[in-house]
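Architecture and fold: a report
Each chain is listed here by its residues.
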Amino acid sequence: MMNNSLPPELLRVVDANLNRLKEGIRVIEDIARYVHNDKELSTSLKTLRHQCRIEPLDALLASRDSVNDVLRPTMQSEMNRTDLRSIVIANYKRGQESARVLEELYKIVEPSLSERFKNIRYELYTLEKKNLLDSNESH
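Sequence order as written defines the numbering, with residues in each chain counted from 1. Per-residue local features of the predicted model are confined to residues with pLDDT of at least 70, and side-chain atom pairs are confined, for both listing and counting, to 80 or more; whole-chain, interface and lining totals are unaffected and use all residues. Only heavy atoms go into the side-chain values, all of them from the structure, while hydrogens and water stay out.

Each pair of aromatic rings taken from Phe, Tyr and Trp, with Trp reduced to its six-membered ring, is defined by centres within 6.5 Å and is described as stacked if the planes are under 30 degrees apart, edge-to-face if over 60, and tilted in the remaining cases. Under the criterion given, the structure shown has one aromatic pair. Plain terms: the ring middles of Y122 and Y125 are 5.4 Å apart, the flat faces sit at 90° to each other, and that makes the pair edge-to-face. On the criterion of helical spacing, the pair formed by Y122 and Y125 is a turn pair, its members being three residues apart in helix α5 (residues 111-137). Relative accessibility decides the category of a residue: with a 1.4 Å probe and only protein chains considered, values under 20% of the type maximum give buried, values over 50% give exposed, and everything between is partly exposed. For Y122, a relative accessible area of 44% corresponds to the partly exposed category. Classification of Y125 as partly exposed rests on a relative accessible area of 33%. Put simply, DSSP H or I for four residues or longer makes a helix, DSSP E for two residues or longer makes a strand, and each gets a number counted from the N terminus.

Within the secondary structure, S98 sits in helix α4 (residues 84-107). Whether two residues touch is decided by their heavy atoms; if any such pair falls within 4.5 Å, the residues are in contact. In this structure, S98 is in contact with N17, R20 and L21, ignoring residues within four places of it in sequence.

The subject of this paragraph is the side chain of R121. Mapped onto the elements, R121 comes out in helix α5. Each residue touching R121, except ones within four places of it in the same chain, is listed here: Q96, A99, R100 and E103.

These values are about where atoms sit, not about what they do.
Structure, rendered in structure tokens:
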């Protein structure tokens, strides 16, 4: 896969969103695994997280500039978490939004990669519904 067909400023967008996508999934996965002991959900999330990759990684790393990120400081809205459920919801949304950005960017240079991120986004929608409705029923 040749992700370096994107210009450097777009590679930075890809790098940030790929990291955000994997981080969001990891948060949900760890809550499902360690808090809820939900093997099925945590396995599904782990499998999904492993699909979130772009090769070669070197071009993405070269584009990274986290030190100069203009929105690096924490925003107040990011601190509005009241319980584990609000964390899970926020991280599903983070993953879905990041998958959408990746899906859109890769439409212009690598449609098969765009399709992979679209599938990841839809799988997150499905898991979110199942996960959050199941947790409502168990309360």
